[in-house]
Amino acid sequence: MEEERLVDPTESNDDKPTENALRPKKIEDYIGQDKIKENINITVQAAQKRGEPIEHMLLYGAPGLGKTTLAHIIANEMGANIRVTSGPAIEKSGDLAAILTNLSDGDILFIDEIHRLHKTIEEILYPAMEDNVLDIIIGKGPSARTLRIDLPKISIIGATTKVSLLSAPLRDRFGVIHHLNFYEHADIEKIIKRNSGILNTSLDESSAIEIARRSRRTPRIANRLLKRVRDYCEVKSDGTINKENCFSAFEMLEVDEHGLDWIDRKILETIIDKFDGGPVGLNTIAATTGEDVSTVEDVYEPYLMQLGFIDRSPRGRIVTDIAYRHLGKKRLK
Ligand code: ADE
């Protein structure tokens, strides 16, 4: 079985119960992404003034940054019902038709991982998004007919981690598109303080800073680390989180001060020890570390690049001086 990574930004089953409890319900309680919040406020207020549903909205950004949370907040602010589904969950065109015909005026349909919708299903969405109608094809071949059914006036909020995989016609049907960025450390710190209150855990300023530094600028990881540190402090002391027991917790959890875990370090050390720091091709890195090429490229590498620990060159990946210093290693050449 694959070992679960504590710093994996994708949602794990362990996250689900607390993620719902920690999710802010109102836009004013949502920390960070200030520009997007401002825009959403306008969108919501304008729609309310006109007495119409909001325009279809696409939210894209890395996993764990709060796309689902924002969709729920928008529904809440609009006083609308929200129906949640995802690209891979809609297997047949009939599944989507059933969802659409069961909605009411003003409802919001949230489609997570919308880039994973099948092409044939995507095509049902076009008339639904443009004209609030559902085109059903009855029969096959020359006698096939199209039956047009009116749908309620709804808004679609799509979320994706890979906007480049979305087809142009689908992307064009969203009136509003927002890109969620990684959070500032100060905002992650505020989220940790807010959520420790909801979890009834007391923590001091310096431990909030320590957890924030390791959270890869991602609220989902911050919440997960907060819970694991809380568990540690409850078992090893009276449950209060301070700098000292926070450090011990992270030592046990093997998450370093930049939020790197053993796999990140293994990748960096492999490039350093076996290939003198690079350049080395992605396929070779994957083969020597025993990971999938796509996992190295999509999951591990982005954060290491964002930290400036790895550079891309035409001849392959290179470990930077910053990473050498972080790992306490010296260049041999
Ligand atoms: N919990 C998770 N993400 C959050 C955010 N952006 N603001 C407040 N609390 C959160």
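It should be noted that the structure appears before, not after, this text.
Cut-off values and rules
Residues numbered from 1 in each chain as written. Predicted model: local features only at pLDDT ≥ 70, side-chain atom pairs only at ≥ 80, totals over all residues. Heavy atoms only, no water. Helix = DSSP H or I, 4+ residues; strand = E, 2+ residues; numbered from the N terminus. Buried < 20%, exposed > 50% of the residue type's maximum accessible area, 1.4 Å probe, protein only. Contact = heavy atoms within 4.5 Å. Lys, Arg positive; Asp, Glu negative; His and termini not counted. Charge placed at Lys NZ, Arg CZ, Asp CG, Glu CD. Salt bridge = Lys/Arg side-chain N within 4 Å of Asp/Glu carboxyl O. Expected span 1.5 Å × (residues − 1). Bend = angle between axes of the 7 residues up to and from the residue. Phe/Tyr/Trp six-rings, centres within 6.5 Å; stacked < 30°, edge-to-face > 60°. Lys NZ or Arg CZ within 6 Å of the ring centre and 35° of its normal.

## Notes on the overall build of the protein
And then number 1: Per the secondary structure count, the protein includes 14 helices and nine strands.
And then number 2: Principal-axis analysis of the C-alpha atoms gives the protein an extent of 70 × 50 × 35 Å.
And then number 3: Looking at the protein residue by residue over its 333 residues, the buried ones come to 48%.
And then number 4: Considering only intrachain contacts with a sequence separation of at least 6, the fraction spanning at least 24 residues in the protein is 70%.
And then number 5: Between the mean site of the 46 positive side-chain charges and the mean site of the 54 negative ones, the protein shows a separation of 2 Å.

## Remarks on the pattern of salt bridges
And then number 1: Taken as a whole and assessed by the stated rule, the structure comprises 27 salt bridges.
And then number 2: In this structure, the salt-bridge partner of Asp 34 is Lys 37, at a minimum N-O distance of 3.4 Å. Taken together, the residues Asp 34 and Lys 37, both in helix H2 (residues 34-50) and three residues apart, mark about one turn of the helix.
And then number 3: A salt bridge links Asp 256 to Arg 265; its shortest N-O distance comes to 3.5 Å. Assigned by exposure class, Asp 256 and Arg 265 land together as buried.
And then number 4: One continuous salt-bridge network, built from bridges that share partners, spans Arg 5, Arg 216, Asp 261 and Asp 264.

## Describing helix H13 (residues 293-306)
And then number 1: The end-to-end C-alpha separation of H13 is 19 Å, in line with the 20 Å expected for 14 residues at 1.5 Å each.
And then number 2: Of all the bends in H13, the greatest reaches close to 45 degrees and is centred on Tyr 300; the proline Pro 302 follows between one and four positions later.
And then number 3: Restricting attention to buried positions, one finds in H13 the residues Val 296, Tyr 300, Glu 301, Tyr 303 and Leu 304.
And then number 4: The inward-facing, buried residues of H13 abut helix H11 (262-275), helix H12 (282-289), strand S8 (310-313) and strand S9 (316-319).
And then number 5: Immediately beyond the C-terminal end of H13, within one or two residues, lies Gly 308, with a positive phi of roughly 80 degrees.

## Brief notes about the packing of aromatic side chains
And then number 1: On inspection of all chains with the given rule, the structure shows zero aromatic pairs.
And then number 2: Above the ring of Tyr 126, the side-chain terminus of Arg 173 is found at 4.2 Å from the ring centroid.

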